[in-house]
Amino acid sequence: QKEVEQNSGPLSVPEGAIASLNCTYSDRGSQSFFWYRQYSGKSPELIMSIYSNGDKEDGRFTAQLNQASQYVSLLIRDSQPSDSATYLCAPCPPRAAGNKLTFGGGTRVLVKP
Amino acid sequence: EAQVTQNPRYLITVTGKKLTVTCSQNMNHEYMSWYRQDPGLGLRQIYYSMNVEVTDKGDVPEGYKVSRKEKRNFPLILESPSPNQTSLYFCASSPLNDRVNSPLHFGNGTRLTVT
């Protein structure tokens, strides 16, 4: 089993709709979770951090964490063409293991006008 | 401006010719790391450093070296590059927080081609 699993997509959504992205992870010790957005050929940029179970909202983005099910998701509301990118999920182990992020393969999102 | 700076952005070289990719951060971060990104394989960690003179292997360290003589710099060295090291490379840094993990800040990437 991979450490971090994401559906590679592409996830095609119409402009204005909600994009729902999922991520499962295998390390039960993971305590921090990050969502990065990466445009083709560019570097990953952080869009959400979540450190505890439940939901966290930031603008059009909502991250949901369920540690019991080892599952984290990202919702993008009112999707825009500029949201077309690959979204990377990155759980982080406890501090004792350093700050290593293990990235999922990413989900490619296409927002169609 | 807070940033991680990598150089060069693009590099084409030949097998066996030693090269260095530089990485510098101006945020006083303790933690620095190198990743490579390949289609279908995602981002994989090569080496990381938790502070000056403290480095360790990541998941794919073979064929690479690093050094951390100063806090701000973390160069990646390929002593004898081979075509399978053709990839997109990212340097990243973060503070080391006692309580929670901090997200990584990435450089703009270096696209390396080894022929």
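Small disclaimer: the values here were computed from a predicted structure and weren't measured.

Rules of the game
- Residues numbered from 1 in each chain as written.
- Chains lettered and ligands numbered in written order.
- Predicted model: local features only at pLDDT ≥ 70, side-chain atom pairs only at ≥ 80, totals over all residues.
- Heavy atoms only, no water.
- 1 Å grid on protein atoms, 1.4 Å probe; cavity = no way out; pocket = protein on both sides within 12 Å on 5 of 7 lines; lining within 4 Å.
- Points joined across faces, edges and corners; volume = space filled by probe spheres on them.
- Helix = DSSP H or I, 4+ residues; strand = E, 2+ residues; numbered from the N terminus.
- Nonpolar A, V, L, I, M, F, W, Y, C, P; charged D, E, K, R; others polar.
- Contact = heavy atoms within 4.5 Å.
- Buried area = accessible area lost by both parts, 1.4 Å probe.
- Salt bridge = Lys/Arg side-chain N within 4 Å of Asp/Glu carboxyl O.
- Buried < 20%, exposed > 50% of the residue type's maximum accessible area, 1.4 Å probe, protein only.
- Polar contact = N/O pair within 3.5 Å; in protein donor to acceptor, adjacent residues only side chain to side chain.
- Disulfide = S-S within 2.5 Å.

A. The arrangement of the layout of surface pockets in detail. Of the pockets and cavities examined, the largest pocket occupies roughly 900 Å³. Breaking the lining of the largest pocket down by element, the ones donating at least two residues are strand S1 (4-5) and strand S9 (85-92) of chain A together with strand S4 (31-38), strand S5 (42-51) and strand S9 (87-94) of chain B. Considering every element that reaches the lining of the largest pocket, the biggest residue donor is S5 of chain B, with 4 residues. Partitioned by chemical class, the residues of the lining of the largest pocket number 11 nonpolar, 16 polar and 10 charged. Listing elements by their share of the lining of the second largest pocket, those giving two or more residues are strand S5 (45-50) of chain A together with strand S10 (105-106) of chain B. Taken together, the residues of the lining of the second largest pocket break down into 7 nonpolar, 5 polar and 2 charged.

B. Broad picture of the interface of chain B and chain A. Each partner contributes to the interface: chain B provides 22 residues, whereas chain A provides 21 residues. Counting the surface lost from both chain B and chain A, the interface buries some 1800 Å², and carbon and sulfur atoms represent 51% of this. When the buried area of chain B at its contact with chain A is split by residue, Leu-43, Asn-101 and Pro-103 of chain B rank highest and sum to 32% of it. For the pair chain B and chain A, the interface holds 0 salt bridges. Of all the elements in the fold, those that place two or more residues in the side of chain B that touches chain A are S4, S5 and S9 of chain B.

C. Just the side chain of Asp-83 of chain A, in detail. Residue and element names in this part refer to chain A. Within the element layout of this structure, Asp-83 appears in the loop between strand S8 (71-76) and S9. Residue class for Asp-83 comes out buried when judged on its relative accessible area of 1%. Side-chain polar atoms of Asp-83 contact the side chain of Arg-60, separated by 2.8 Å. In this view, Asp-83 contacts Arg-37, Arg-60, Phe-61, Ile-76, Asp-78, Val-109 and Val-111; residues no more than four positions away in its chain are not counted.

D. Structural view of the state of the cysteines. If you walk through the whole model with that rule in mind, you get 2 disulfides over all chains. Residue Cys-23 of chain A pairs covalently with Cys-89 of chain A via a disulfide, S to S 2.0 Å. The sign of the S-S torsion, about -70°, decides the handedness of the disulfide formed by Cys-23 of chain A and Cys-89 of chain A: left-handed. One end of the pair, Cys-23 of chain A, is in strand S3 (residues 19-25); the other, Cys-89 of chain A, is in strand S9, and 66 residues separate them in sequence. By the burial criterion, Cys-23 of chain A is buried, and Cys-89 of chain A matches it. The partner cysteine of Cys-23 of chain B in its disulfide is Cys-91 of chain B, sulfur to sulfur 1.9 Å. Between Cys-23 of chain B and Cys-91 of chain B, the S-S dihedral sits near -75°, and the bridge is therefore left-handed. Here Cys-23 of chain B, found in strand S3 (residues 19-25), pairs with Cys-91 of chain B, found in strand S9; they are 68 residues apart in sequence, far enough to count as distant. Of the residues examined, Cys-23 of chain B reaches a relative accessible area of 2% and is grouped as buried. The thiol of Cys-92 of chain A is unpaired, and the distance to the nearest cysteine sulfur, on Cys-89 of chain A, comes to 11 Å.

Nothing here speaks to function; it is all geometry.
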